[in-house]
Amino acid sequence: MPTCASCGHELPECAKFCQECGAPVAPAVAPREQRKTVTVLFCDVAGSTELGESTDPEALLALLARYFERMKEIVERHGGTVEKFVGDAVMAVFGVPVVHEDDALRACRAAVEMRDALPELGIRGRIGLNTGEVVTGTEERLATGDAVNVAARLEQAAEPGEVLIGAETVRLVRDAVELGEERRLDLKGKSEPVPAHPLVAVVGELSRRFDVPIVGRERERRALDDAWERVRSERACHLFTILGSAGVGKSRLTAEFLGSLEGAKVVRGRCLSYGEGITYWPVVEVVLQLGNRPADPRAAAAIGSLLGESEEPATAEEIAWAFRKLLEESAPVVCVFDDLHWAEPTFLDLVDHVADWSRDAPILLVCIARPELLDRRSTWSGGKLNATTVLLEPLTSEETEELIELLLGEADLDAALRAKIREAAEGNPLFVEQMLAMVAESPNGDVVVPPTVHALLAARLDQLDPSERGVLERGAVEGKIFHRGGVEALAPDEPDVPTKLMALVRKELVRPDRSQVPGDDAFRFRHLLIRDAAYDGLPKAARAELHERFAEWLDTLSEALIEADEIIGYHLEQAHRYRLELGLGGEESEALARRAAERLAAAAERASLRHDAPASVALYERTLALARDEPWTFTHELRLIRVRSDVGDLAGARRRADALTERARRDEDRPRELRARLARAHVAYLADGSGEELRPTVEEALEFFTASEDDAGLADVWFVATLLEHAALRWRSAALALEQVLKHAERIGDRLRVEEARSILGPCYMYGPSPVEEALAWFEMNLSDHSFFLAMFGQLEAMRGNFDAARDLCSAARERARERGQLLLAAEVSMQETEVELMADEAERASEAARAGVAELQQFGERGWQSTVAGHGAEALYRLGRDEDAWQLTETADEAAAADDVITQMLILQVRGKILARRGEHGEAERLAREAVAWAEPTDALEHKADAHRDLAIVLAAAGKREEALTALAQAQALFEEKGHTVGVAQMEKLRAELVASLEA
Ligand SMILES: Nc1ncnc2c1ncn2[C@@H]1O[C@H](COP(=O)(O)OP(=O)(O)OP(=O)(O)O)[C@@H](O)[C@H]1O
Ligand SMILES: [Mg+2]
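First things first, this report covers the structure right here in the doc. For clarity, every value in this text was computed on a predicted model and none was experimentally measured. Residue indices follow the written sequence of each chain, beginning from 1 at its first position. Whichever chain is written first is A, and whichever ligand is written first is 1; the rest continue in order. With the structure being a predicted model, the display of local features is reserved for residues of pLDDT at least 70 and the display and counting of side-chain atom pairs for 80 or more, all residues being used for whole-chain, interface and lining totals. The basis for every side-chain value is the complete set of heavy atoms in the structure, and neither hydrogens nor water enter the calculation.

**A word on the overall build of the chain**
Okay, step 1: Per the secondary structure count, the chain includes 44 helices and 17 strands.
Okay, step 2: The globule rule puts the C-alpha radius of gyration for 1001 residues at 30 Å, and the 40 Å found for the chain is more than 25% above it.
Okay, step 3: Dimensions of the chain, computed from the C-alpha atoms along their principal axes, are close to 130 × 75 × 55 Å.
Okay, step 4: In this scheme, a residue with accessible area under 20% of its type's maximum is buried, one over 50% is exposed, and one in between is partly exposed, where area comes from a 1.4 Å probe on protein chains only. Within the chain, buried positions represent 55% of all 1001 residues.
Okay, step 5: Long-range pairs, those at least 24 residues apart, make up 67% of the contacts in the chain with a sequence separation of at least 6.
Okay, step 6: Total accessible area on the chain stands at roughly 43300 Å², and carbon and sulfur atoms take up 50% of it.
Okay, step 7: Residues counted as positive are Lys and Arg, residues counted as negative are Asp and Glu, and His and the chain ends are not counted. For charged residues, the charge sits on one atom: NZ in Lys, CZ in Arg, CG in Asp, CD in Glu. Positive and negative side-chain charges in the chain, numbering 119 and 180 respectively, have mean positions lying 1 Å apart. The helix and strand labels rest on DSSP assignments: H or I over at least four residues marks a helix, E over at least two residues marks a strand, and numbering proceeds from the N terminus. The atom set for the radius of gyration is the C-alpha atoms, and the globule formula is 2.2 Å times the number of residues raised to the power 0.38. Here, residues are in contact when the closest pair of their heavy atoms is within 4.5 Å. Note on areas: these come from Shrake-Rupley sampling with a 1.4 Å probe, and a residue is covered only by the protein chains present in the view.

**Focus: the pairing of strand β10 (residues 237-243)**
Every regular strand shows the same layout, with side chains that alternate between the two sheet faces.
Okay, step 1: Burial runs high along β10: seven of the seven residues are buried.
Okay, step 2: Here β10 shows a buried face lined by C237, L239, T241 and L243 and a second buried face lined by H238, F240 and I242.
Okay, step 3: Any two strands with at least two DSSP-identified bridges between them are counted as paired. Two elements, β10 and strand β14 (residues 387-391), share five bridges in a ladder whose sense is parallel. Its bridge partner being in β14, L243 is matched across the sheet by L391.

**Points about the sheet that holds β14**
Okay, step 1: Pairing is parallel across the open sheet formed by five strands, whose spatial order is β11-β12-β13-β10-β14. Each of the sheet's edge strands pairs with one partner strand only, and the pair in question is β11 (265-270) and β14. The mean inter-strand angle of the sheet, taken between neighbouring strand axes irrespective of direction, is 15°.
Okay, step 2: Pairing of β10 with strand β13 (residues 363-369), which is carried by seven bridges, proceeds in the parallel orientation. The partner of L243 across the bridge, within β13, is A369. In this description, a line fitted to the C-alpha atoms serves as the axis of each element, helices being fitted only across the stretch in contact, and the angle between N-to-C directions of two axes falls anywhere from 0 to 180 degrees.

**Regarding the packing of aromatic side chains**
Okay, step 1: Here a pair means two rings of Phe, Tyr or Trp (six-membered ring of Trp) with centres within 6.5 Å. Their orientation is stacked below 30 degrees between planes, edge-to-face above 60, and tilted elsewhere. Overall, the coordinates contain 16 aromatic pairs when judged by the stated rule.
Okay, step 2: By definition here, charges over rings are those cases where NZ of Lys or CZ of Arg is within 6 Å of the ring centre and within 35 degrees of the ring normal. In this structure, R753 packs its charged tip against the face of F719, placed 4.4 Å from the ring centre.
Okay, step 3: Above the face of the W887 ring, R912 is positioned so that its terminal group lies 5.0 Å from the ring centre.

**Remarks on the sheet that holds strand β17 (residues 522-525)**
Okay, step 1: Taken in spatial order, the three strands of this open sheet run β15-β17-β16, and their pairing is antiparallel. Two strands bound the open sheet, and with one partner strand each, they are β15 (481-483) and β16 (510-513). Each adjacent strand pair in this sheet contributes to an overall mean axis angle of 35°, direction not counted.
Okay, step 2: Relative to β17, β16 is paired through four bridges, and the arrangement is antiparallel. Each residue of the ladder has a partner; that of R511, found in β17, is R524.

Limitation: the analysis is restricted to geometry and does not speak to function.
In C-alpha cells:
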C-alpha cells in the first residue's frame, strides 16, 4: 500500500491527497538510494528457547503472532517502519520512508511502550536503540549501515526488560528522557568500548532554552504590541501570523511578547507532529486553560463532546462555532497556536472560522508556523482585512555576534571559531546555540553540524516531493550557489526544472541570486546547512557521477566562466574522491584523477601568474595528491618547490626537491635528475646565500642540456646560473643569463618562467652598470606590480634623490608581497628600505629597517638576504656612532654569510675597517678597506663599488694619508658619476670638502 511522503500515513491506491495531512500525493516513483540519519530499534524475546520448551508449539505460534502484531502497531503509531523479523527479533527504523526531526524521541517513546507491553504478553524482551547514517531505498533492505549493527548489538547487551540506547541517540533526546547509569560495552566488531545508557522513561518534549536575553526583534515585537492595542481599542478579532524557518525564533519572539502583557488573559495551544487525536489537541489545551464553558447550551454540548465528556458526537462546524463562542465570551484574550505547520486541515478551518466570524470581541489570534504551512494551505490568512503576517528573517551578523556573547557568558571562544559559527549559523539562533554547545562538548574545536540541526533540516527535505528534492540535490552538487542550467544538465529526466526551482523558492529553501553564467539563472541555498543536508542525502556513487557530469557541463561554458579550471578541477577531484571511497579504483578512476590534476595544475599556474602564492601552493598540493609519482607530474613538482620557497617554506621546498631528485635518480632519468638538482640548489641558495652547491650542478647541467638542446632544461639552468652572477655582483652577466632564460622559456611557452625572469631583470638594471636614468627608463617601460620590481624601482628613485617616491615604492612592494602571501619576498624588501634610508642619510631609520628585516628573515631560516641586510644595518649603526653595536652586527652578518657572498663580505670589511680607523688601528683598518675594494674590483655593481672606494678614502684620511684618500674619493666619485647616481656624487663632494678641511686642520 502506498504511503504519504509527508506524514507516512497509508493511502488508498488512487489517492491524490493524503486523508491524514492533506499533502498532495506525488506520483509513485521507484525508491531511490539515499543516505539518511535514522534511529534503528531492535527488540528481541529474552530466553525464547526456554519459552519454546515450556509452551505448546501452537500456543507459542499464537503468542509470537500477537507479539509481532503488538510491536508493529506501536512502531507504526510513532511513525516508524518495521523492517523484518529475524527469528523472534523485531527491527524497526524511524526515518523511513520519511525523516522527522524527532525520530530519535519517537523511537524512545516506542521503545518504552514496547518494553512495558511485553510483560502483558507474558514475554520478557530486550531492546536496543541507536542513531546513525545509513543507506536506504535499496532493493534488499530498509537500512544498511553501522548504526544498524550497533543497535542490534545494544539489544543483545541489554538485560531482559531493559532498553539500551546509543550515544548519538542520547544527544538527540537528552532533555526529554530519564536515563540510567552509563555503561561502556565491548561490542563485537568495535575496537573501542561503546557507551550506552539504559532508557528509563520519556519524561517530556524536545524543549528549547529561553533563558538568555532576547536579541533584536524590536520591530516584530512592536507589530505585536500594535496589533494587541488595536484589538482592544476596536474590540475586534485579529489574526497575527508569524512565519519563519525552524529555530529562527518564532516561539521565542512570542514568549517575549506574552511576557510583556500585564494582566491580559493568555491561552496557548500547540499542534503536535503526530499522535492520536491530534486534530483538536491545541483546541483542547486552550479550552482547559480557559476553564469555563460557553453560555449557549448547544455550544457547551459541542465543547463537552470535544473533551470526551459525552458520547454525543459534534461536527467540525459545530466545534468551530462553539470554540468561537467560548473565545468571544472570554475576551479580551490572546490566543496563541504554535507549530501550525503540523496542524490538521480541520483545525486550520477552525482558526479561519474564528478569525472570519467573531464579532465585537477583542481576540488576538497569534499563529506560529514554519513556511511549510503554505505548502498545505497556500491561501493562509490571505484575503482577510483583519490579518497580519510577518516573516521572521535571520538575525543580522551583529545580532548573531551579540547572541554568541550572551550564550558564552564567562566562557571564552577563539575568534576564528566564533567567526566560523557565525557564518555557518547564518543568523539562525537555534543553530548558533546548538553549535556552541557542540564546541563546548568537543574540545578539538571543530564546528560540525549538530545532530539536532541535521535532523531538523533532513526532515524538512524529506517532505519535498521527489522531483523537487532531486532538483535541490543537483543544485547542492554545484554548491551553495547554483545555476538552473547545471541542474538541467544533471537532471535530464526532469521536464520542468524552472517550476521546481520556483517551488523551492516559495518554500524558503533557496532564493534567487545573481547568475555567474550569462543567460542562466542562479539560486542560493537559504542556508549552507540546507545545502549540506541535501548533499549528504546523496549516495556516494551518485555524488561521484554527478560531480563528473557537472564538470562536463561547466566545460561547455568555460568561456563564460571565471576560474573555470579551478572549479572544474574541484568537481573532478570530488568525483575521484568518492570513487576511491567506494573502492572503485582502476583505469577509469585514474583517468579521472589525471583530468582533475590537469585542471588544478592549470589553476595553480594561473594563481602563480597572479602572484597568489598560497593559493598556488594549495592547488599544486592538490594536483600532486591526485597523482603522486606519475611521470607527468614532474613539472608541477618543480613549480611547487618554487612557490613553497615564495611563501617562505624553505625547509618544505628542500624536502620536496630531495624527494624529486631521488625519484628521478631511481628512474634513471638524467634530464629530470639534473632539473631536480637545480631546483634543490636554488632553494639552498635562497636559504644560505651561497653559490657553492650551485656551481658544479650548473656546469654539469649546462653541458648536458646544451648537448641535448633541451629548452626546458636550458631555461632552468640559465635561471639558476643567474643566481651565481647575482652572488658575484656581475650584473651584466646576470642580465645575459636572463636573456637566455627568456629565449628558452619563450620557446616552450613557459609563461611563469618568463615572468619570473623578467622580474629579476630589475636588480640587474638597478645594481648593475646601467646609468640611473637609463635604468629608470627600463623600469617605466616594463611596468609590473611584482614586489621585487617595485622595490628595485624604489631604490633607483633614491639614487636620484626622490626619497619619498622611493619609500612609497618600497612600502607598495612590501604590501603587494604580503597580500599575495609571498612572505619571504615581503621580508626581503627590508634590504631596499635600509639602502634607501642610508642614501637619504637617515641612519636611525636605516638601522631600524635592518633590525626588523634581519629578525623577519631569520624566522624563515633564510640567510643570504639576512646577512646582507645585517651588513647594511652595521653601516647605519657605525654612522650613528654606535661602534660596539655595529661591530656586533657585522658578526651576525659574518655568521650568516656565505663565503662567496660578495656584497656581504664587502660590507663586513668596510664597516670593520672604519671602526678600526676610529679606534686608531690604522694599519689593520687600511688592510680591511683595501680588501673590500679588491672584492669589488671584478664586479660591475657601480654603487657598491663606489661605496668601497669611499670607505677606503675615509680610512686613509683618518690615518692622515691625504693624497691617497683624495684619490680613493675621486674614484668613488667617478663611479657614482658613471652610474648617474646624483645623490652619491653630491655626497662625495661634501665628503671631499670635509676631508680637506679636517686634513688641513
Ligand atoms: N532573538 C533571539 N534572541 C536570543 N535567543 C533567541 C532569539 N530567537 C531565538 N532564540 C533562541 O533560539 C532557539 C530557537 O528559538 P525558537 O524555539 O523560538 O525557534 P522557532 O522559530 O520557534 O523554531 P521551530 O519552528 O522549530 O519551533 C531558542 O533556544 C531561543 O531561545
Ligand atoms: Mg517554535
